[in-house]
Each structure stands twice: as structure tokens, then as C-alpha cells.
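# Structural overview for review
Residue-level listing of the chains:
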Amino acid sequence: RQRVPRRGNGARIVGTSAPRTRPGGHSLPAAAMDRAAPGTPPGGGFPTAVATAADDGAAPPDGGAGGKLPLRVKLALGLGESVQGMYITIAGYYLNSFFLETACIDPVFVGMMQATSGVFDAINDPIIGSLSDRTRTRWGRRRPWLLFAAPFLAASYCGLWNALPPSVPQRLKVAYALAMYCGVSVGITSIQVQV
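Residues numbered from 1 in each chain as written. Predicted model: local features only at pLDDT ≥ 70, side-chain atom pairs only at ≥ 80, totals over all residues. Heavy atoms only, no water.

### Some words on unusual backbone geometry
Its identity as a non-glycine residue notwithstanding, Cys104 has a phi of 55 degrees, on the positive side. Mapped onto the elements, Cys104 comes out in the loop between helix H3 (71–102) and helix H4 (107–134). In this structure Cys104 comes out as partly exposed when scored by relative accessible area, which is 39%. (Helix = DSSP H or I, 4+ residues; strand = E, 2+ residues; numbered from the N terminus. Buried < 20%, exposed > 50% of the residue type's maximum accessible area, 1.4 Å probe, protein only.)

Rendered as C-alpha cells:
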């Protein structure tokens, strides 16, 4: 057998059509590997995901228009990101006032809730991301998180803005508000990680 150099991917053996393996364990016939694909790294290696999709005969995920996303994809991603933007804007302006004036929670506890929620969020985000990466369902990895996190987020967000009656002891008010605050954090993280 004679070794013939290939463009960008080293050498291949002529006269064999044994499948080659690319990342993810998918095999690709040698003839398909010979094609120069946009996205093949200079100096060799496997093609990128865009080139792999082109090799498989499927449309590239970027819409195929020179690497630009279609407007509908941009709008859909923007709509998903707006959840966190709206929450941050509304909570940033009104949440502390709500906790202090409407829920009648002591300012020291409001500060502790803010700090606790920040620490919780720092721990929660990587855990949700890891769980999301390990999720395997018939609907895919991300879709169940989006579907089931939305009602949880809605319930937590409604609970966050509903104060307990003034007769309820302070510690229960703080526990309730903190649980709702962390629930909103879990819901937003579950959605944002997927988008």
C-alpha cells in the first residue's frame, strides 16, 4: 500500500475504504474525509461541527449563510435571555423595598438573604450545568430542563412577590423569602444554562 498525503489531515492509505472515526465515535468513510471542508483546522485534525454537518449532507447549524445566524434564531435566543434580564431589572429596583416595606423583614435579614442567595447561586450554577450535561432523555438533554424549569420558576417568582401576613414570626418570613429567592435562582439557572 502506498501512503498519499491528504490536505490538512496527514496521510491516508490508498486502496482502502475502511471507515475513519471522528470525535464522538461516529465513523465516516475515507472518501468523505478526503473532502476539504470549511472548518478543517490548518495543519490537520478533524473538521469542526459545521464541516461535519456538511459532510453528512445536513444543513450546517449556522444557517449556511457565511456563519451568520438567521434572525428567527437570534430572536428566539434573545427571548430566552430576556427572562433573566427582566428578573434582574425588576428585582434590582423593587425587591429590597418589597422585603423591607411590604414583607416587613428586618434590614439585617434582608442583607443576609442577599448574601446567602449569592453564595447559593455560585454553588447552584455549576451543579445545574453538570446535571444538564448528564441528562439523557428521549426529548434530548436540554428540552426537559426548559419544560420543567418554567413552571417551577413561575411558582417561585409568584411566591417571591407574595408576602406572608405581618403576624407571622420574623424567622418564618425570612425562611420563606429566602426559599422563594433561591427557587427563582434555580429556575433561572435551569433555563439559562440551556439557552
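Back to the write-up after that little detour.
### Topic: the nonpolar core
Formed by 18 residues in total, the largest nonpolar core has its most connected members in Tyr87, Leu95, Phe99, Ile105 and Leu160. For Ile105, the residues in contact, after removing those within four places along its chain, are Phe99, Leu100, Val110, Met113, Gln170, Lys173, Val174 and Ala177. (Core = buried A, V, L, I, M, F, W, Y, C linked by side-chain atoms within 4.5 Å. Contact = heavy atoms within 4.5 Å.)

### Thoughts on the packing of H3 against helix H6 (residues 170–192)
At a closest axis distance of 10 Å, the pairing of H3 and H6 adopts a crossing angle of 165 degrees. With respect to their mutual orientation, H3 and H6 come out roughly antiparallel. The interaxial crossing formed by H3 with H6 has left-handed handedness. On H6, the residues touching Gly80, Glu81, Val83, Gln84, Tyr87, Leu95 and Phe99 of H3 are Ala177, Tyr181, Val184, Ile188 and Gln192. Partitioning the contact of H3 with H6 into residue classes produces eight nonpolar, three polar and one charged. (Axes fitted to C-alpha atoms, helices over the stretch in contact; angles between N-to-C directions. Parallel < 35°, antiparallel > 145°, perpendicular 65-115°, else oblique. Left-handed = near helix turned anticlockwise from the far one by under 90°. Nonpolar A, V, L, I, M, F, W, Y, C, P; charged D, E, K, R; others polar.)

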